[in-house]
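Listed here are the chains, written in short residue letters.
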Amino acid sequence: HMIEAPLKTVGIDYPYAGELIAQGQSYSFRITAPSDSKEVRLSIDDGDWKPCRNDDGHWWFDWTAQASGEHIAVSRVIEADGSMLVTQPRLFKVQP
């Protein structure tokens, strides 16, 4: 007899893979995480883990696109029980 656990959906929704963001543009990353998550943080190009805000069923990170070229974002979710989930890396581009 198998115990079924609900599948946890964690991921960066926006930017989508390969999305082009204009340099200097204000941009909001959108992350999907379990609704009872304690915190969600985002790291761009192996930088510091910056806190995201919870609003309207998603987590958001407000950012201004600065350096042009390819970038990689990863999100880290701390669940209600303290366990950690990490999203797949998301590649996107900033164009001048």
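Our subject is the structure that appears above.
Let me sum up the structure you'll find in this document. Remember, predicted model here, so these are calculated numbers, not experimental data.

### Considerations on the environment of Ser 83
And step 1. Turning to its location among the elements, Ser 83 is positioned in the loop between strand S8 (69–78) and strand S9 (84–86).
And step 2. Of the residues examined, Ser 83 reaches a relative accessible area of 28% and is grouped as partly exposed.
And step 3. Considering only alpha carbons, one finds Ser 83 and Gly 69, 14 residues apart in sequence, at a separation of 33 Å.
And step 4. Other than its neighbours up to four places away in sequence, Ser 83 contacts Val 77 and Ile 78.

### Considerations on unusual backbone geometry
And step 1. Cis geometry marks the peptide bond from Tyr 14 to Pro 15, where omega comes out at 5°.
And step 2. With respect to the helices and strands, Pro 15 occurs in the loop between strand S1 (11–14) and strand S2 (20–22).
And step 3. Here Asp 45, not a glycine, exhibits a phi torsion of approximately 55°, which is positive.
And step 4. Within the fold, Asp 45 resides in the loop between strand S4 (39–44) and strand S5 (50–51).
And step 5. Asp 45 gets classed as partly exposed once you look at its relative accessible area, which sits at 39%.
And step 6. Although it is not a glycine, Asp 56 sits at a positive phi angle of roughly 60°.
And step 7. Note on Asp 56: relative accessible area 67%, which makes it exposed.

Conventions we followed
- Residues numbered from 1 in each chain as written.
- Predicted model: local features only at pLDDT ≥ 70, side-chain atom pairs only at ≥ 80, totals over all residues.
- Heavy atoms only, no water.
- Helix = DSSP H or I, 4+ residues; strand = E, 2+ residues; numbered from the N terminus.
- Buried < 20%, exposed > 50% of the residue type's maximum accessible area, 1.4 Å probe, protein only.
- Contact = heavy atoms within 4.5 Å.

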